Amino acid sequence: MSTEEKSAAPRSLAEALRVRDDVSLAALLRSRPDLITPVPTDLTQLATRAGTRASVVRALERLDRFALQTAEALAVASDPAPYGELLGLMAGDDEDPAVAAALPRAVALLREQALVWGADDRLRLVRTARELLAPSPQHPSPTGLGPTVREATAGMSPGRIQEIVATAGLPSTHDSVSAVTALGTLFADRRRMTALLAGLPEESREVLARLVWGPPYGQVTHDPAAHLRALLDRGLLLPTAPGTVVLPREVALHLRAGRAHRAPEPAPPAVEAAATHRPQVVDATAAGQALAALATVTELLKEWDEGGPTVLRAGGLSVRDLKRTAVALDLPEPVAAFWLELAYAAGLIASDGEADERYAPTPAYDEWRELPPAERWADLAQTWLTATRTPGVVGGRDAKDRTLSALGPNLDRSAAPEVRHRVLALLAGLPEGASPTEESVLARLRWERPLRGPERDRREDDLRTRLARWTLSEAELLGVTGRGALAAPGRALIGAPEPPHPAKAPEGPGDKLPVHHRTPAPPAPPAPGERAAAATAARLLAPLLPEPLDHVLLQADLTAVAPGPLERPLADLLGVLADVESKGGATVYRFTPGSVRRALDAGQTAADLHTFLARHSRTPVPQPLTYLIDDVARRHGRLRVGAASAYVRCDDDATLDEILADRRGAGLGLRRLAPTVLAAQAEPAALLEGLRAMGFAPAAESAAGDVVIARADARRTPPRAAPEPVPDGPPAPDDTLLAAAIRAVRAGDLASTAPRKPDAGHGEGGATGGELPRTGAAETLATMQAAVLTGEALWIGYVNAEGSASQRVIAPIRVEGGFVTAYDHTADEVRTYPLHRVTGVAELADDAT
């Protein structure tokens, strides 16, 4: 390197950032958004922030495995390290071609993220990263390497060092420094080290083999065996503490053939396909799952239409209420928790905020029900993809050993959206119709975001692994995937392009079942944003869903069969008139006296029900069903319950006599007020339930004597916003923010580094960007006025109203009334500053611009 090149080489990370162009700075800030939160004043502050422990740890955690291995190798290389040394540590003596080909990309990535700076002949890992990754007794290196010979012999006596040098066959030296250097040179010489090791006993070489890949520390007794003494006498093992020895780094690298890692992983592991199905089968299966998802969420909300379970004092749903909900939905509890959390994240259910706080549907639920099925599904799927609420942790324990409850606090996991999106993207990379093996997906995610340090031994329990497993199962439940493969609507949901030439896959054993033919949608230009992705997914799903039916099949055993999804008005009224007995490809409803009475309570008459069934049944209305409706309607409303505490009135006094004589009514506190009126001590609701339990069919009435119609959708919460996702650190900046931030940082850097004209206060060379300029008020005013006439730029110190001081480069335009109006190079705009807030002014050197 020439003298000019050496002088031009950056001496710090700030100088390395200063020579970057805007594209390179934008890439850095995009990959590490915490660096512009808030926007730094100049590049020196940006470099300082990029070297803080929290920021470096966050950046290391986002590296892929090979880039992290490269950083770990640099941490055990010399500082600075030439590229050739790094290549040797990564590719080994045999120069693995795959590693050699991938290394430039890894170095470029580390440079881009400001973890490495300097030219190829002087690569430097930022100091904080070196402290985190370099080996130490407290924090072993991820490479398994120990300290160098120089580090391990730092506290050793000079006499002992000379003994080791002599036993190793080296000439004695006049000082310890040269002796340690000679020993390190010997260990780094492949030919001489091979000869040295060949002269050792087999037991000694076995000890080295056990330590070579780490941990490099071992224990020895006060009087070590002969094969250990041979290693200690030659410095192949060095003492670090009483009874503890370490394998020097140079020795380990020789035994490893120069490699810093046992198994470098330059390329990500491939995601393997477990099975392949025809795309039409995948899409049809996913559409069926999507239809079942809509039915499950609708059934859940219907269960809570009149008010759901109470909210725990600490928030969330009790274990008992979760079990009841799971039984009502006929689902396992973890699956029920998933649907509860999805509905909550979509803003369809919330707490009502009353004194006796309960969960209930929100007004948004009514709007959601009015949407077409495909749009309702897309809304749920988009919510799932972006939500940080994580149902999989329900039932676990938090940091304070408290049970995590469904709909409760502390269920947000900020990594969830990224993992879900990445898992679906990996599925999108497979051939169309291919489902992956779970282990290959997990292996790929571990390569892309490897764990560091002791966490590497807990791979099966780490959060990202669990999130990936939950994603695969939840995507199947929701209909984003079908038979494990990504369906066309799911592909559109993440913005992945549809494969242009799908390969014809072999048919599986179940692929010959009848399926809905997928109608290919006309190509549309991709629109940015989540709404556009959801709209595209809904457009692709719509032709896969069966058309809602307007009829059912009535049967003589008081049941009705719905052979498919029903139109909403039909489904709503049938859901009130009958109870769901079984679900599946066809839904079976059963008519009972209680269900018929429920329809009458909702304002229907017997004639309305007969007309409804005749209009919507493809089979004749069975006579038993007609008799059931007429019989319940004849008795319905003969008793009237109102508020006194409560009362019962009936035109038939014999019916009231029957009620008073029934022992089951003793707890209601009934007594006769008139031949047709009974008073009760129970509340009206309790009285209604008590009389119904006794076999009667009472109707509630208002204070005006009218029958109260109890509608199923009467209870709604006040308007509630859906819970906001908890971001995983600062949000990624958009292009506008990046451009503004880079402009501000560069302008601030210009203000802090621009050369000043020499003055009496600063001497030759003028002031540099450290302290603010200080001048008197008269000198400040005179300099400003002169700059207006000459058009020159000035360097000023300015203190704003909050007391924050900054340096600025301005070109004054006008000075009047105690204010200066100037073009501010720092902000890249014209601004007006009060002169009394200007601490001082200095002229820029002639070559400043």
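Quick note: structure is the one above.
Residues numbered from 1 in each chain as written. Predicted model: local features only at pLDDT ≥ 70, side-chain atom pairs only at ≥ 80, totals over all residues. Heavy atoms only, no water.

**Q** Describe helix H30 (residues 623-635), and please don't skip the residues or the numbers.
**A** Across its 13 residues, H30 extends 19 Å between first and last C-alpha, which sits within 8% of the 18 Å expected from 1.5 Å per residue. Of all the residues in H30, the buried ones are Leu625, Leu628, Ile629 and Val632. Seen end-on, H30 carries its buried residues on one side only, within an arc spanning 95°. Those residues of H30 that are exposed and angled more than 90 degrees off the buried face are Gln623, Tyr627 and Arg634. Taken together, the buried residues of H30 touch strand S12 (553-555), helix H28 (593-601) and helix H29 (606-616). Gly637 sits one or two residues past H30 and shows a positive phi near 85°. (Helix = DSSP H or I, 4+ residues; strand = E, 2+ residues; numbered from the N terminus. Expected span 1.5 Å × (residues − 1). Buried < 20%, exposed > 50% of the residue type's maximum accessible area, 1.4 Å probe, protein only. Arc of directions from axis to C-beta. Contact = heavy atoms within 4.5 Å.)

**Q** Hey, could you go over the pattern of salt bridges for me, with residue numbers and the actual values?
**A** Applying the stated criterion across every chain, the model contains 43 salt bridges. Ionic pairing is found between Asp120 and Arg111, a salt bridge with its closest N-O pair at 2.6 Å. Judged by relative accessible area, Asp120 falls into the partly exposed class, the value being 40%. Ionic pairing is found between Arg598 and Asp579, a salt bridge with its closest N-O pair at 2.8 Å. Of the two residues, Arg598 is situated in helix H28 and Asp579 in strand S14 (residues 579-582); the sequence distance between them amounts to 19 residues. The partly exposed category is assigned to Asp579, whose relative accessible area is 29%. One salt-bridge network, held together by shared partners, links Asp305, Asp366, Arg369, Asp572 and Arg716. (Salt bridge = Lys/Arg side-chain N within 4 Å of Asp/Glu carboxyl O.)

**Q** Please provide a residue-by-residue account of the nonpolar core, values included.
**A** Counting 92 residues, the largest nonpolar core has Phe187, Leu236 and Leu237 as its most contacted members. Ignoring anything within four residues of it in the chain, the contact list for Phe187 reads Val149, Met193, Leu196, Arg234, Gly235, Leu236, Glu250, Val251 and His254. Among the nonpolar cores identified, the runner-up in size contains 73 residues, and Ala290, Leu385, Ala416 and Leu486 belong to it. (Core = buried A, V, L, I, M, F, W, Y, C linked by side-chain atoms within 4.5 Å.)

**Q** So what's going on with the side chain of Arg389? Residues and values would help.
**A** Structurally, Arg389 can be placed in the loop between helix H21 (373-386) and helix H22 (416-428). Given the relative accessible area of 9%, Arg389 is considered buried. Separated by 2.9 Å, the side chain of Arg389 and the backbone oxygen of Gly408 make a polar contact. The residues touching Arg389, leaving out its near neighbours within four places in the chain, are Glu341, Tyr344, Leu407, Gly408, Leu411, Asp412 and Arg420. (Polar contact = N/O pair within 3.5 Å; in protein donor to acceptor, adjacent residues only side chain to side chain.)

**Q** How would you explain the side chain of His616 if you had to name every residue and give the values?
**A** Note that His616 resides in helix H29. A polar contact of 3.5 Å, which involves the side chain of His616, links it to the side chain of Arg615. In this structure His616 touches Asp550, His551, Val552 and Leu570, once residues within four positions along its chain are discounted.

**Q** Quick rundown of the pairing of strand S15 (residues 587-590)? Include the residues and the values.
**A** Two faces make up the sheet, and in a regular strand the side chains alternate between them. Taken together, the 4 bridges between strand S13 (residues 559-562) and S15 define a ladder with antiparallel strand orientation. Bridging across to S15, Thr559 finds its partner in Arg590. (Pairing = 2+ DSSP bridges.)

**Q** Now, about the environment of Pro391: what can you tell me, with residues and values included?
**A** By the element assignment, Pro391 lies in the loop between H21 and H22. For the pair formed by Pro391 and Phe338, sequence separation is 53 residues and the distance between their alpha carbons is 5.2 Å. If near-sequence neighbours (up to four positions away) are discounted, Pro391 is found in contact with Ala337, Phe338, Glu341 and Glu474.

Scope: geometric values only; no functional claims are made or implied.
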